[in-house]
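Here are the chains, one letter per residue:
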Amino acid sequence: MAMLMEGIAAPAGANNREAETVLILKATEDKFGGMIIDSPSLPRDTSVFLHSLQHSLVKWKAQGKRGVWLKLPLNQSELVHLAIQEGFKYHHAESTYVMLVIWLADDVPSTIPANASHQVGVGAFVLNSKGEILAVQEKSGVFQGGSIWKMPTGSVNQGEDIFAGAIREVKEETGIDTEFVQVVGFRQAHKVAFEKSDIFFLCVLRPLTSGITVQDTELTAAKWMPLAEFSAQDYLKQRKMLKKMLDVCIATTEEPAYQGFKMEDMQAGTGRRPQNFYYNA
């Protein structure tokens, strides 16, 4: 979309050339009848920005535009309170920016999607040919201290696939290389970190190496542990969810074996990047 421009009176007290003619802010239309303001082109003068924003909102509302998105990086943070003054609200924030949004349509309820509602975690059941499970002890968190051994776990990064996240976490924590076998189940919980919901995918991985290197920033220890010894830990008797997860993982090693979800790399559509589909094959 080309930039929309319209000369209007400069705000009182403006004394530079940028303020002599105030422009409708540069923006592009999104797929839902809204506008995305181009942050890099925003006026640096706060009075010029405010006057331009006010005029732009009036113009876009008259044109029937709905939501307006405004992404402000750290070096433009002085504009945040001005946008809020005009009715913008926080939508979400990352380490380098805050995203603001306003709904302009009075006759239509807002269809602005909520911020991300879930975080995604992974756990890895890694069993070697000797019947030993890859077990770790955490330096912090719920299981810090004591002598509790657990499976490697962690969070999936933005843009990272579930299977890749499980492989990475095992490698980072223990130095063990693995390959993905299947997802055996998942757990959903609510009001976890920052009041977000949480989905935890339990994966079975096959070890490709055996030498352990402990990530000492997160772990106090890691080792190959006889599966029977791991299963006999007292904490598993009180934590039914974790006991059930372990039982399901063990069932994948028995006959007839429990079958979880394999992963297939599939083309989602013409010109789109492949996506992973998990299903019981």
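Model, not experiment: these values are computed from the prediction.

Whenever I open this one, the overall build of the chain confuses me. Can you help?
When helices and strands are tallied, the chain shows seven helices and 13 strands. A compact globule built from 281 residues should have a C-alpha radius of gyration of about 19 Å, whereas the chain, at 26 Å, is more than 25% larger. By principal-axis analysis of the C-alpha atoms, the chain measures approximately 80 × 40 × 30 Å. Looking at the chain as a whole, 39% of its 281 residues are labelled buried. In the chain, of all internal contacts separated by at least 6 residues, the share reaching a separation of at least 24 is 61%. With the model as given, the accessible surface of the chain reaches about 16200 Å², and the carbon-plus-sulfur share is 54%. The chain carries 28 positive and 32 negative side-chain charges, and their two centres are separated by 3 Å.

Could you clarify how one ought to interpret the sheet that holds strand E10 (residues 197–207) in this entry?
Backbone-to-backbone hydrogen bonds pair the strands of a sheet. The strands run either parallel or antiparallel. In space, the four strands of this open sheet follow the order E8-E6-E10-E9, with mixed pairing throughout. Looking along the sheet, the strands with just one partner apiece sit at the ends: strand E8 (153–155) and strand E9 (178–189). The mean angle between the axes of side-by-side strands here comes to 25°, regardless of whether they run parallel or antiparallel. As paired strands, E9 and E10 are joined by 10 bridges and run antiparallel to one another. What sits directly across from Arg187, in E10, is Phe200. Those strands touched by helix H7 (residues 240–251) are strand E6 (118–126), E9 and E10, and its axis lies near 150° from that of E9.

Would you mind showing me how to read the side chain of Lys150 here?
Inspection of the secondary structure assignment puts Lys150 in the loop between strand E7 (132–138) and E8. Here the side chain of Lys150 touches Glu138 through a polar contact of 2.9 Å, side chain to side chain. Those residues within four positions of Lys150 in sequence are excluded, and the remaining contacts are Leu134, Ala135, Val136, Glu138, Phe143, Phe230 and Tyr235.

I would appreciate a short explanation of the domain arrangement of the chain in the present structure.
Bring the parts together and some accessible area is lost; that lost area is often taken as the interface size. If you check the domain split of the chain, you get domain 1 (4–103) and domain 2 (118–279). Here the C-alpha centre of domain 2 lies 45 Å away from the C-alpha centre of domain 1.

How do you make sense of the environment of Thr111 when you look at a structure like this?
In this structure, Thr111 sits in the loop between strand E5 (97–103) and E6. Along the sequence, Thr111 and Gly67 sit 44 residues apart, while their C-alpha atoms lie 8.3 Å from each other.

What's the story with the packing of aromatic side chains in this structure? I'm lost.
Centre-to-centre distance and the angle between the planes together describe a pair of aromatic rings. Scanning all chains against the criterion turns up five aromatic pairs. Between Phe277 and Tyr279 the ring centres are 5.1 Å apart and the planes differ by 15°, which places this aromatic pair in the stacked class. On the basis of relative accessible area, Phe277 is assigned to the partly exposed category, the value being 43%. A network of ring pairs unites the aromatic residues Phe163, Phe180 and Tyr278 as a single cluster. When the ring centre of Tyr97 is taken as reference, the NZ or CZ atom of Lys71 above it lies at 4.4 Å.

Could you clarify how one ought to interpret the sheet that holds strand E3 (residues 67–73) in this entry?
An order of E1-E2-E3-E5-E4 is seen for the five strands of this open sheet, with the pairing classed as mixed. The open sheet terminates on both sides in strands that have one partner only, identified here as strand E1 (27–29) and strand E4 (89–93). Across the sheet, the mean angle from the axis of one strand to that of its neighbour is 25°, orientation sign disregarded. In this structure, strand E2 (residues 35–37) lies alongside E3, joined through two bridges in parallel fashion. Paired with Met35 across the strands is Val68, a residue of E3.

Help me understand the pattern of salt bridges, please; the structure alone is not making it clear to me.
Evaluated as defined, the whole model comprises 12 salt bridges. Note that Arg168 and Glu160 form a salt bridge whose closest N and O atoms lie 2.6 Å from each other. Accessibility classification places Arg168 together with Glu160 in one group, the buried group. Within the structure, one salt-bridge network assembled from shared partners comprises Glu160, Arg168, Glu169 and Glu172.

So, how was this worked out
Residues numbered from 1 in each chain as written. Predicted model: local features only at pLDDT ≥ 70, side-chain atom pairs only at ≥ 80, totals over all residues. Heavy atoms only, no water. Helix = DSSP H or I, 4+ residues; strand = E, 2+ residues; numbered from the N terminus. Rg over C-alpha atoms; globule rule 2.2 N^0.38 Å. Buried < 20%, exposed > 50% of the residue type's maximum accessible area, 1.4 Å probe, protein only. Contact = heavy atoms within 4.5 Å. Areas by Shrake-Rupley, 256 points an atom, 1.4 Å probe, with all protein chains shown as cover. Lys, Arg positive; Asp, Glu negative; His and termini not counted. Charge placed at Lys NZ, Arg CZ, Asp CG, Glu CD. Pairing = 2+ DSSP bridges. Axes fitted to C-alpha atoms, helices over the stretch in contact; angles between N-to-C directions. Polar contact = N/O pair within 3.5 Å; in protein donor to acceptor, adjacent residues only side chain to side chain. Domains from an automatic or database assignment. Phe/Tyr/Trp six-rings, centres within 6.5 Å; stacked < 30°, edge-to-face > 60°. Lys NZ or Arg CZ within 6 Å of the ring centre and 35° of its normal. Salt bridge = Lys/Arg side-chain N within 4 Å of Asp/Glu carboxyl O.

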